[in-house]
Amino acid sequence: MELRQLHYFLKVAQKEHVTQAAEELHVAQSAVSRQIHQLEEELGVDLFMQKGRNLQLTAVGQLFCKRIEGILKDLDKAVGEVHEFLDPEHGEIRIGFPHSLGIHLIPSVVAAFRQRYPNVKFRFKQGMFPTLIRDVLSGEVDLAFISPFPEKHDQVDGDIVLTEELHAILPPNHPLAGEETIALEQLKDDKFVLFSKGYSLRPIVWHACLEAGFTPKIAFEGEETDTIRGLVAAGMGVSLLPEMALFQTNPLQPAHVAISHPKVTRTIGLIHRAHDKLPLVAQSFRSFLLDYFGLQQNNTPSD
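Residue positions are given per chain, counting from 1 as you read along its sequence in written order. Local features in this predicted model are restricted to residues of pLDDT 70 or higher, and side-chain atom pairs are both shown and tallied only at a pLDDT of 80 or more, whereas totals for entire chains, interfaces and linings draw on every residue. Heavy atoms from the whole structure form the basis of all side-chain values; hydrogens and water molecules are not counted.

- Per an unreviewed UniProt entry, the recorded name for the protein is LysR family transcriptional activator of glutamate synthase operon, and the organism is Paenibacillus xylanexedens.

Below, the structure is given as structure tokens:
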């Protein structure tokens, strides 16, 4: 069994067509067909069956495909770790983060890191809380900024790097728009523009309102910080957003006011797979971040 056969097999499984697989592999169709045939002969099973003009994995083919995907993924990771070991300043860092951190925090820390290591590459992936956890566990990303920080999780480890206050954002003509601070209770009669279900900021705002003694009345829901901010600025309601989400990105902006009671905050953590060694370049970035946020003196690098 050759490594080339396994790569050809996975490509045919993905494309469900020998010709299309051959085109992407930049080899002759006959070469792909021959390697698949030899692989099936060696295993003594049919991995594919004909379905119209396409090929479909058999039941045993599906089982074999799942295993081979994991093996080749581990092999690619091993090759990458060797290259990073030889020259960790030229590796690639795969990092996940929620949308709200993409406006200011991520560009700032990446720019600062690249001043020190200009040849390091980054691959970014945005996602909601459960997606980021899943991407870390699957190895899709090496590190992820996440909010709130998962205090108790057997499979991820990490550090709280920031605790950030949420501010009330109000239409510019709102009666409280000129105040320096307000109590959240003062917004009990207003309609709220909230993040959709599944976004981590939604339960933070919801629970803060309950703590203030009222259930928020929802006028609109959105999936991006700019959408929430824009709807509030247009007079559609009020909301709460973290400080980092208050940076201006368009001319239409809401007023924002600090909240005196209850104090509404969110934790932002940096997580990675527990009990799993980070690639050297990702470990360098993690150490840089802990230093950037002033945490290095209280933390030691992961094993």
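**So, the overall build of the protein**
Right, on to step 1. Secondary structure elements follow DSSP: runs of H or I no shorter than four residues count as helices, runs of E no shorter than two count as strands, and numbering proceeds from the N terminus. Within the protein, the secondary structure is distributed over nine helices and twelve strands.
Right, on to step 2. Expected size for 303 residues packed as a compact globule is a radius of gyration near 19 Å; at 25 Å, the protein overshoots this value by more than 25%.
Right, on to step 3. The C-alpha extent of the protein, read off along each of the three principal axes, is 75 × 50 × 35 Å.
Right, on to step 4. Put simply, the protein has 303 residues, and 46% of those count as buried.
Right, on to step 5. Contacts: residue pairs with any heavy atoms within 4.5 Å of one another. Taking the contacts inside the protein whose residues are at least 6 apart along the sequence as the reference set, 72% of them involve residues at least 24 apart. Our radius of gyration is a C-alpha quantity, and the globule rule it is checked against amounts to 2.2 Å times the number of residues to the power 0.38. Exposed residues in this analysis have more than 50% of their type's maximum accessible area, buried residues have under 20%, and partly exposed residues fall in between, with area computed by a 1.4 Å probe over protein chains only.

**With respect to helix H5 (residues 105-116)**
Right, on to step 1. If you check H5, its first and last C-alpha atoms are 17 Å apart, about what twelve residues at 1.5 Å a residue would give, namely 16 Å.
Right, on to step 2. All buried positions along H5 are accounted for by Leu105, Ile106, Val109, Val110 and Phe113. Down the axis of H5, the buried side of the element spans an arc of 110°, and every buried residue falls inside it.
Right, on to step 3. Contacts from the buried residues of H5 go to strand S3 (92-97), strand S4 (121-126), strand S5 (143-146) and helix H9 (280-292). To estimate how far a helix should reach, multiply one less than its number of residues by 1.5 Å. This arc corresponds to the set of directions leading from the helix axis out to the C-beta atoms.

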